[in-house]
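Working through the structure, step by step
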Amino acid sequence: MRQVAILGVAMTKFGVSEKTNLEMFAEAGLEAIAQSNLEPKDMEALYFGNCLGDFEEGQMHMAPFAHAELGLPVSVPATRFESACATATVAIRHAALLVGSGVYDVVLAGGTERACAMGTPLATRTFAMGHHAQYESTVGLTFPGVFAMAAHMYSEKYDVPLKELKQNMAEVAVKNHYHGAMNPKAHFQKEIDVNTVLDGMMVADPLQLFDCCPFSDGAAAVVVAEAGKAKEFAKKPVYIAGMGQASGGPLYLQKDLSRVMAREASIAQAYKESGLGPDDIDVVELHDCFTIAEILALESFGLYEFGKAYDAATKRETYLGGKVVVNPSGGLKAKGHPIGATGAAQVTEIVEQLREESGPRQVEGARVGLVDTLGGDFGTICNIILRS
Amino acid sequence: MDYKLTYDQYQQGLERGELLGLKCNTCNNVTFPPMTRCRECNGTDLEITEIAGEGTMRTFTVIRVAPEGMTAPYVVAMAEIDEGAWVMGNLVDLNPDDADMSLIGKRVTLGSHVVKGNTYSQGDSRVLTFSLI
């Protein structure tokens, strides 16, 4: 495999947008291409992520329309990726695999989502399409419900009283809002305290409103290129050190929701390919769709022992300046979660961190960063380790 | 290859009050609900069996913000049946506001109830229910 680099990276402001999916994607995509000192005609493929355009705008098969908005040549193939919330990371991984194998030299990859256009009841229904349609979504399962069941299981398995676990989960939300308040692209740029979380409306016991990330609109895109191009076009090249992707089945087959088996398989691939391990990681953008999700992820990476990550934010170990900085962007919780775009925004944050371009939320001396994106109910996990 | 027990046949079983699964003639494991192959050993020498219908609660939640077409609150739970498989269903015969951590580990019997179809489903279907013993 050839060495692969990330050149330009860009994201729109996340939040509630009046722009269409295509307009948001074009904004991010053209900025990423321009930042790479390239032109749209230099792209050899477009790997385009979108999950729910059918319901948001009545738009299926959006990739060729995004291709047209960007002004790519007709000979350049545009392909849609859909892996639920892991969509854009999976698109970027597949771009990197084809660049690494020599099929292409330069690929634009990313995603767009306009979830707010649906409103909460339809958005909750369409997100629930990520569950097994015959055996799991029919019982009225929702995504907060999945992570709520994981939280109850964690409390029981590790003998952490639910009240204590919830207090510590709230601290994860407090941290990610603290980081998000420093990110001008974040959906929520406001600090909160533990009481904001614990006084919130109950969504799925024991998860309250501020344990949950929002529905958001937004787009993000990155230019994936053969490493020689990076030396030519990028001031501070950032390289892909290792990647992983793995798949879990329905929840009833996964059984123990406190252990994300697909993540353990995915991160093992990424560590093996990169020759790096948990001790080498300076900064992490991980999939904190719910507060408990951040705790589970830290344990899967080997950054904490199983059953021990629940108070990491409370001890400030995952804050800026802590032992490993987790979600300096604000994470899905504060930065927002336009599902088809999220993975590309995570890569954008890590690349900017490794280039030392992150301003007040810069992780000092960051050299190695980890991206972690989860799709569906632990069905897809994709990891990318980046290094400067 | 032939599907030994399809989703439709499984649904017809629930309609008759039968909890149909597949017993593996290679490893004796019971796969419930049905799949193409044994969930433990991947074996395909399977025969239709009726499970005993009892299990143990492993986790739960109370859904308070429901998807379009459903009415909250209601309890979603996972139970481990005595034959070993884990299944998802609705805990019934309990006020959702009384659901707490003490449910985990409690014994339940399995049944089923009808869930109305909606715009994006295949129509009405039966799903598993759990009742505390």
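Residues numbered from 1 in each chain as written. Chains lettered and ligands numbered in written order. Predicted model: local features only at pLDDT ≥ 70, side-chain atom pairs only at ≥ 80, totals over all residues.

1. Here we look at the sheet that holds strand β3 (residues 46-50) of chain B
Residue and element names in this part refer to chain B.
- Strands sit in the order β2-β1-β3 across an open sheet of three strands; the sheet is antiparallel. Edge positions in the open sheet fall to β2 (30-31) and β3, since each of these has one partner strand only.
- Taken together, the two bridges between strand β1 (residues 20-24) and β2 define a ladder with antiparallel strand orientation. Its bridge partner being in β2, Leu22 is matched across the sheet by Thr31. (Pairing = 2+ DSSP bridges. Helix = DSSP H or I, 4+ residues; strand = E, 2+ residues; numbered from the N terminus.)

2. Description of the environment of B:Tyr3
- Its location among the elements puts B:Tyr3 in the segment before α1 (7-15).
- It is 9.6 Å that separates the C-alpha atoms of B:Tyr3 and B:Thr44, two residues lying 41 residues apart in sequence.

3. As for the pairing of strand β2 (residues 46-49) of chain A
Residues and elements named next belong to chain A.
- Every second residue of β2 is oriented toward a common face, with Leu46 and Phe48 on one face and Tyr47 and Gly49 on the other, all of them buried.
- Looking at chain direction, β2 and strand β3 (residues 78-81) are connected through four bridges and run parallel. Within the sheet, the bridge partner assigned to Leu46 lies in β3 and is Ala78.
- The pairing of β2 with strand β4 (residues 106-114) spans four bridges and is parallel. Bridging from a neighbouring strand, Phe48 pairs with Gly110 of β4. (Buried ≥ 20, exposed ≤ 12 C-beta atoms within 10 Å, placed from the backbone.)

4. Looking at the interface of chain B and chain A
- Chain B puts 30 residues into the contact, and the matching count from chain A is 32 residues.
- Those elements giving two or more residues to the side of chain B that touches chain A turn out to be β4 (54-63), β5 (74-81), β6 (86-91) and β8 (125-132) of chain B.
- Looking at the side of chain B that touches chain A residue by residue, the class counts come to 21 nonpolar, six polar and three charged. (Contact = placed C-beta atoms within 7 Å. Nonpolar A, V, L, I, M, F, W, Y, C, P; charged D, E, K, R; others polar.)

5. Some words on the domain arrangement of chain A
Residues and elements named next belong to chain A.
- Domain annotation for chain A reports domain 1 (4-119 + 216-238) and domain 2 (141-213 + 241-387).
- Here the C-alpha centre of domain 2 lies 23 Å away from the C-alpha centre of domain 1.
- The partner domain 2 presents 36 residues to the 36 residues of domain 1 that form the contact.
- For the side of domain 1 that touches domain 2, the secondary-structure elements that each account for two or more residues are β1 (4-11), α4 (87-100), β4 and β7 (217-226).
- Per-element tally for the side of domain 1 that touches domain 2: the top contributor is α4, with seven residues. (Domains from an automatic or database assignment.)

6. Examining helix α7 (residues 162-180) of chain A
- Its 19 residues place the ends of α7(A) 27 Å apart at the C-alpha level, agreeing with the 27 Å of an ideal helix rising 1.5 Å per residue.
- Of all 19 residues in α7(A), 15 are buried, a share of seventy percent or more. (Expected span 1.5 Å × (residues − 1).)

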